[in-house]
Amino acid sequence: DPQQTELATASKRKLRRFIVIDEVVDKLYGSKVREYFEQNNVQHKILALPTTEETKSMDLVLNILHEVQSFSLDRRTEPIIAIGGGVCLDIVGLAASLYRRRTPYIRVPTTLLSYVDASVGAKNGVNFLQCKNKLGGYTPPVASFLDRSFIQSIPRRHISNGLGEILKMALMKHKGLFYLLKNHGKYLLDTKFQSCNSFAHHGDAALQTTRIAIETMLEELAPNLWEDDLDRLVDFGHLISPELEMRVLPSLMHGEAVNVDMAFMTYVAHARGLLAAEDKEQILKCMRGLELPVWHSGCSWALIQTALRERLKHSGGQLRMPLPTGLGVADIFNDTSEETLKRAYELWVKD
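To start, this report covers the structure provided alongside it. (Residues numbered from 1 in each chain as written. Predicted model: local features only at pLDDT ≥ 70, side-chain atom pairs only at ≥ 80, totals over all residues. Heavy atoms only, no water.)

## Some details on the overall build of the protein chain
Next up, step 1: Within the protein chain, the secondary structure is distributed over 13 helices and nine strands.
Next up, step 2: The globule rule puts the C-alpha radius of gyration for 351 residues at 20 Å, and the 21 Å found for the protein chain is close to it.
Next up, step 3: In terms of overall dimensions, the protein chain has C-alpha extents of about 70 × 50 × 35 Å along its principal axes.
Next up, step 4: Buried residues in the protein chain amount to 53% of all 351 residues.
Next up, step 5: Considering only intrachain contacts with a sequence separation of at least 6, the fraction spanning at least 24 residues in the protein chain is 75%.
Next up, step 6: Accessible area for the protein chain stands at about 16300 Å²; split by element, carbon and sulfur atoms hold 51% of it. (Helix = DSSP H or I, 4+ residues; strand = E, 2+ residues; numbered from the N terminus. Rg over C-alpha atoms; globule rule 2.2 N^0.38 Å. Buried < 20%, exposed > 50% of the residue type's maximum accessible area, 1.4 Å probe, protein only. Contact = heavy atoms within 4.5 Å. Areas by Shrake-Rupley, 256 points an atom, 1.4 Å probe, with all protein chains shown as cover.)

Take a look at the structure:
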């Protein structure tokens, strides 16, 4: 808004910003971030923190809020800026929502997973009593700034981790996205989602893939931002994975745990007669091509039963199980029998 810009720049008060940055990102980009604020004459405080699943707690939120209070932030005109992966964005979002009841914040994702997932939507939260995101709320950011150049510095496994969430959207909603991943997965891993003109035969696969993933995610989230409707296709891969991820920390990253869940649910869809054998094999082949795990020893039958009991508790007494019914098409089911689940599990383990 030009009028708001004029008011901000005309103000005699110096611009001030409080920035929370993941400590690994700070080592890589901290000097550039500081230089940016200095060159633009912005008074700033940069708080570098270890933001991992193991540190994703209320203690870290309170740590941030102590620093925010010392900085004397104006909650109306000075948004907090979060620069980091999904954990960082979640923690800062919760801190901002608590400070003075609601302080605006901006998300700057630096991993592929946070670029296509945490940057979109309203949710924030922290882990509590060894349960993933048990404490949190729904406070959308005032903006998300997406810059794929951050992704070039993350390890290959982290790229693969993000591809798990992109594949989720492909399997649920977009056959074209599935074939983009199937045909260009290795190239996207090799080039770390950077747009390379020298590989014209791939087109701009990085731009197409991320754009479709975000657009399909927004299509699902925007009409149901506060989850009033519990039937959500975006829950695919998130029925078993929260329990699995917390149980085996730190051996599985979020997108990897989601993919293990999706692989099992692909077998469930096949066992129910919803998914043809050739489609099941195509999905598993694509997962392997994206260097994602399709099974984990920690995902026992007992863990699956526990996870599904938790699901029933928190989804109105129904499983609301999203399952693929083809490539890029899906539906939600409440009538999957334990016998079908066990048969799918046994075939999955055997394969």
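## Things to note about the environment of Arg75
Next up, step 1: Relative to the helices and strands, Arg75 is located in the loop between α3 (58–71) and β3 (80–84).
Next up, step 2: With a relative accessible area of 32%, Arg75 lands in the partly exposed category.
Next up, step 3: Along the primary structure Arg75 and Arg101 are separated by 26 residues, whereas in three dimensions their C-alpha atoms are 9.4 Å apart.
Next up, step 4: The residues contacting Arg75, other than those within four sequence positions of it, are Arg100, Arg102, Thr103 and Pro104.

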